[in-house]
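# Fold and geometry: a report
So the chains spell out like this:
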Amino acid sequence: MAARFVSVDRDTPMLLPPDLRDWVPEDDLVHFVIEAVDRLPLKTFRVNHRGTGERQFPPHMMLALLIYSYANGLFSSRRIERATHRDVAIRYLCAGTHPDHDTICKFRRENLEAFRESFVDVLELARELKLLKLGNVSLDGTHIKANASIDQNVGYQRAVEIRDQLRLDIDELLAQAESADAVEEDNQKLPENIARREKLASKMERAIEELEARARERQEKADTKYEAKTAERREKEKKTGKKCTGREPKRSEKKAEDSGEQCNLSDPDARIMRKNKRAGFTQSYNAQAAVDADGSQLIVGQHVSQSASDYAELENGVASIPGQLGKPEAVLADAGYVNGDAFDRLEQEGVEIYCSVHREDAHNERHYDFRPQSASGRAVKEPTDERLVAMRDKLRTEEGKALYGRRNHTVEPVFGIIKEAMGFRGFSLRGKEKVSGEWTLVCLAYNFRRLHRMIGGTKNGGGRPKSPPMARNPIPNLQVSAYLGRITRAISRRLHRLAIGSTAKPVLNPTHS
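Thresholds applied
Residues numbered from 1 in each chain as written. Predicted model: local features only at pLDDT ≥ 70, side-chain atom pairs only at ≥ 80, totals over all residues. Heavy atoms only, no water. pLDDT = per-residue confidence, 0-100. Contact = heavy atoms within 4.5 Å. Buried < 20%, exposed > 50% of the residue type's maximum accessible area, 1.4 Å probe, protein only. Helix = DSSP H or I, 4+ residues; strand = E, 2+ residues; numbered from the N terminus. Pairing = 2+ DSSP bridges. Core = buried A, V, L, I, M, F, W, Y, C linked by side-chain atoms within 4.5 Å. Salt bridge = Lys/Arg side-chain N within 4 Å of Asp/Glu carboxyl O. Axes fitted to C-alpha atoms, helices over the stretch in contact; angles between N-to-C directions. Parallel < 35°, antiparallel > 145°, perpendicular 65-115°, else oblique. Nonpolar A, V, L, I, M, F, W, Y, C, P; charged D, E, K, R; others polar. Phe/Tyr/Trp six-rings, centres within 6.5 Å; stacked < 30°, edge-to-face > 60°. 1 Å grid on protein atoms, 1.4 Å probe; cavity = no way out; pocket = protein on both sides within 12 Å on 5 of 7 lines; lining within 4 Å. Points joined across faces, edges and corners; volume = space filled by probe spheres on them.

Looking at the chain, pLDDT values average 82 and 82% of them are 70 or higher. Per-residue pLDDT stays below 50 along residues 459-484; that stretch engages in 28 contacts with residues further than four places along the chain or on separate chains.

Here we come to the pairing of strand S5 (residues 282-292). Remember that side chains alternate between the two faces of the sheet whenever the strand is regular. Taking burial as the measure, the 11 residues of S5 include 10 buried ones, the bulk of the element. Inspection of the sheet shows strand S1 (residues 136-145) paired to S5 by 9 bridges, in the antiparallel sense. The residue of S5 that forms the bridge with Lys 145 is Ser 284. Here 3 bridges tie strand S4 (residues 271-273) to S5, and the two strands are oriented antiparallel to one another. Within S5, the residue paired with Met 273 across the bridge is Thr 282. Between the end of S5 and the start of strand S6 (residues 299-305), which pair antiparallel, lie 6 residues, with Gly 295 showing a positive phi angle near 125°.

This part covers the nonpolar core. Residues Leu 314 and Trp 439 are the most contacted members of the largest nonpolar core, which totals 90 residues. Counting residues in hydrophobic clusters, the runner-up holds 16 residues, among them Tyr 156, Ile 170, Ala 201 and Leu 211.

For the coordinates displayed, the defined rule picks out 25 salt bridges. Two residues, Arg 21 and Asp 19, come together in a salt bridge whose shortest N-O distance is 3.2 Å. For Arg 163, the salt bridge is made with Asp 164, and the minimal N-O distance between the two is 3.6 Å. In this structure Arg 163 comes out as buried when scored by relative accessible area, which is 15%. Taking the relative accessible area as the measure of exposure, Asp 164 reaches 33% and is therefore partly exposed.

Helix H5 (residues 101-110) packs onto helix H2 (residues 59-71) with a crossing angle of 95° between their chain directions and a minimal axis gap of 11 Å. Accordingly, the angle class assigned to the pair H2 and H5 is roughly perpendicular. On H5, the residues that touch Pro 59, Met 62, Leu 63, Leu 65, Leu 66 and Tyr 70 of H2 are Thr 103, Ile 104, Phe 107 and Arg 108. Class assignment for the residues of the contact of H2 with H5 results in 8 nonpolar, 1 polar and 1 charged.

We now examine the packing of aromatic side chains. Summed over the entire model, instances satisfying the criterion amount to 9 aromatic pairs. A centroid spacing of 5.5 Å and a plane angle of 10° characterise the contact between Phe 45 and Phe 107, whose relative ring orientation is stacked. Highlighted residues: Phe 45 in the loop between helix H1 (29-38) and H2 and Phe 107 in helix H5, separated in sequence by 62 residues. By relative accessible area, Phe 45 is classed as buried at 3%. When its relative accessible area of 9% is taken as the criterion, Phe 107 is described as buried. Three or more aromatic residues link up through ring pairs in this structure, and these residues are Tyr 70, Phe 75, Tyr 285, Phe 424 and Phe 427.

This part covers the layout of surface pockets. By volume, the largest pocket amounts to about 1,400 Å³. Forming the boundary of the largest pocket are 31 residues, of which Arg 274, Lys 275, Asn 276, Arg 278 and Asp 334 lie nearest the centre. At the level of elements, S1, S5 and helix H14 (412-421) are the ones that each hand at least two residues to the lining of the largest pocket. Residue contributions to the lining of the largest pocket peak at 6 residues, all from S1. Partitioned by chemical class, the residues of the lining of the largest pocket number 5 nonpolar, 11 polar and 15 charged.

Take Arg 274: it is sitting in the loop between S4 and S5. Residue class for Arg 274 comes out partly exposed when judged on its relative accessible area of 34%. Through-space distance from the C-alpha of Arg 274 to that of Ala 308 is 7.2 Å; in sequence the pair is 34 residues apart. In this structure, Arg 274 is in contact with His 143, Ala 279, Gly 280 and Phe 281, ignoring residues within four places of it in sequence.

Here it is as structure tokens:
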């Protein structure tokens, strides 16, 4: 029996324009994004209220486009523009319009603060739907690569040397240009070479200023620490009436040229980081997220840090939770957040802290440990600070074990979904302010994915297409004649082609009379 195949006819035109809702499954994320974004107040988005120039794309559509694209692994403005032509769901979202990459990039760059407000609005929407109730929160961070190469870093001394050399080269090229003008010689490459060196010299100047500013900041912190130690020593001597033994505190000098710190020429706000001693160095930001640990697994707070470690991020993570949601009852964090002073300040505000004071493998009992004896037999270092000892004892209680056990399977999967399922592993924007706005957009897209799953949606593309829940808009009576005219013309063209094809017969073997 001969094989049978489905007929694939790409030449026959469609009789009527297709409705894209027939091609998008009704449980696709795009329907939820459109309906949810339409409910958000977007008064803070930048709009040309004068009405001059070209017609604008609606902010609701542009925000929905960015959220749906980020949720599906499209982060480049050029790839998003391409998807408006190729992706059926995005074509439906944009209603057949095609914003170019410059419009998409400009909208993303100019509405960073509006993204933060939309992030809060979505959390309030989840609370209205009884899907979020702020209680226990898990806190963690991850390093995400900046839009900058690690090879573009330069130290203070080297930046000064290169700047001085560039100034000499620029003066020499200017002298060559003057001599060329005197003899009326046309050297077209001189202006280009001068401009290139001036641009590089300005980058070096900015790097020097940035490193000097960091040195001043370190010096201010060192002076504050020195004055605090000196005041504490004087107070102790005053109480005891005796001179304190030991060395007097010394005022340290933090100069830029003495520091080994470097500045990146592409993104001065990015820092060199590495996850652990076994990982390599990357030019990254420390992206922090506070996740609801009571079941919803929604991101309720987020911020971006320039510090490679999480030591100073506990208070910042709690502060990133919007005030409209209230204060969390308890915060769960790993050993990277251990900070006794931060514990005291947060507990004074009524926030209970459950923070491990040991490395993570100290909480996981292994019945069959395959690690070498040098690693598996390593003793756990016990804390000596009274605050840390109290925290250790609290985590050893049944309540502490149960609460801290939620941390691993609430916040860790969130970063796994963002990096693996959504594919977000590097920022597209530069500068801490813009990077913070993009991280807000990433967390907003994740929350939309999570809410869609919680209300019963399936994976994107899953299931056969069904009729959409909303009713189609009927064609107005005034447009009936126009549609009929288009149909009639299409049928006429098709019949004309068929008629020509049936009458024209090619002659393969010509004969002679």
